[in-house]
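Working through the structure, step by step
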Amino acid sequence: MEQQGSVIGSFLPLIILFAIFYFLIIRPQQKQQKAHREMLDNLQKGDKIVTSGGLIAVVVKTEEDFIKIKLNEDTIVKLDRTFVAKKEEVTGSDA
């Protein structure tokens with residue numbers, strides 16, 4: 001019976017360490033990924049985005065895996081959805 005207590009006692013620090021690791025690293029990262037996925041799913045024509053390469057563009061058309069974006073008045077390119085870093089919120093001075 002005494003060995004069971006020592007086995008639990010030896011695993012307790014590992015369990016505590018995993019719990020801390022989960023709540024400080026894994027859980028916040030999962031929340032961030034979920035928010036990013038929702039943002040990608042809700043992209044619409046006219047939304048202003050920033051790509052992972054740092055380009056600021058306007059969404060022209062959304063497709064299943066790609067989006068067409070306008071970089072300037074003449075340039076429209078096709079971009080993989082995974083390269084959208086964030087959606088810029090349009091403020092009163094930008095509109």
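Below you will find a few notes about this structure.

Here we come to the packing of aromatic side chains. Scanning the entire structure with this criterion turns up one aromatic pair. Here Tyr 22 and Phe 23 contribute two aromatic rings whose centre-to-centre distance is 5.2 Å and whose plane-to-plane angle is 80°, an arrangement assigned as edge-to-face.

A word on the nonpolar core. The biggest cluster of nonpolar side chains holds ten residues, and these are Met 39, Leu 40, Leu 43, Ile 49, Ala 57, Val 59, Ile 67, Ile 69, Leu 79 and Val 84. Put simply, the parts of the chain that give this core at least two residues each are helix H1 (2–41), strand S2 (56–62) and strand S3 (66–70). In this structure Val 84 touches His 36, Met 39, Leu 40, Leu 43, Ile 49, Val 50, Thr 51, Ile 67 and Leu 79, once residues within four positions along its chain are discounted.

Following the criterion strictly, the structure yields three salt bridges and no others. A salt bridge links Lys 86 to Glu 88; the nearest nitrogen and oxygen atoms lie 3.6 Å apart. What makes Glu 88 partly exposed here is its relative accessible area of 28%.

Our focus in this paragraph is the pairing of S2. Consecutive side chains along a regular strand alternate between the two faces of the sheet. Where strand S1 (residues 48–51) and S2 come together, three bridges link them in antiparallel fashion. In the sheet register, Val 50 faces S2, and the bridge partner there is Ile 56. Adjacent in sequence and paired antiparallel, S1 and S2 are bridged by four residues, among which Gly 54 carries a positive phi angle near 95°. The pairing of S2 with S3 spans four bridges and is antiparallel. Within the sheet, the bridge partner assigned to Thr 62 lies in S3 and is Ile 67. Counting the residues between successive antiparallel strands, the hairpin from S2 to S3 contains three residues.

What counts, and at which threshold
- Residues numbered from 1 in each chain as written.
- Predicted model: local features only at pLDDT ≥ 70, side-chain atom pairs only at ≥ 80, totals over all residues.
- Heavy atoms only, no water.
- Phe/Tyr/Trp six-rings, centres within 6.5 Å; stacked < 30°, edge-to-face > 60°.
- Core = buried A, V, L, I, M, F, W, Y, C linked by side-chain atoms within 4.5 Å.
- Buried < 20%, exposed > 50% of the residue type's maximum accessible area, 1.4 Å probe, protein only.
- Helix = DSSP H or I, 4+ residues; strand = E, 2+ residues; numbered from the N terminus.
- Contact = heavy atoms within 4.5 Å.
- Salt bridge = Lys/Arg side-chain N within 4 Å of Asp/Glu carboxyl O.
- Pairing = 2+ DSSP bridges.

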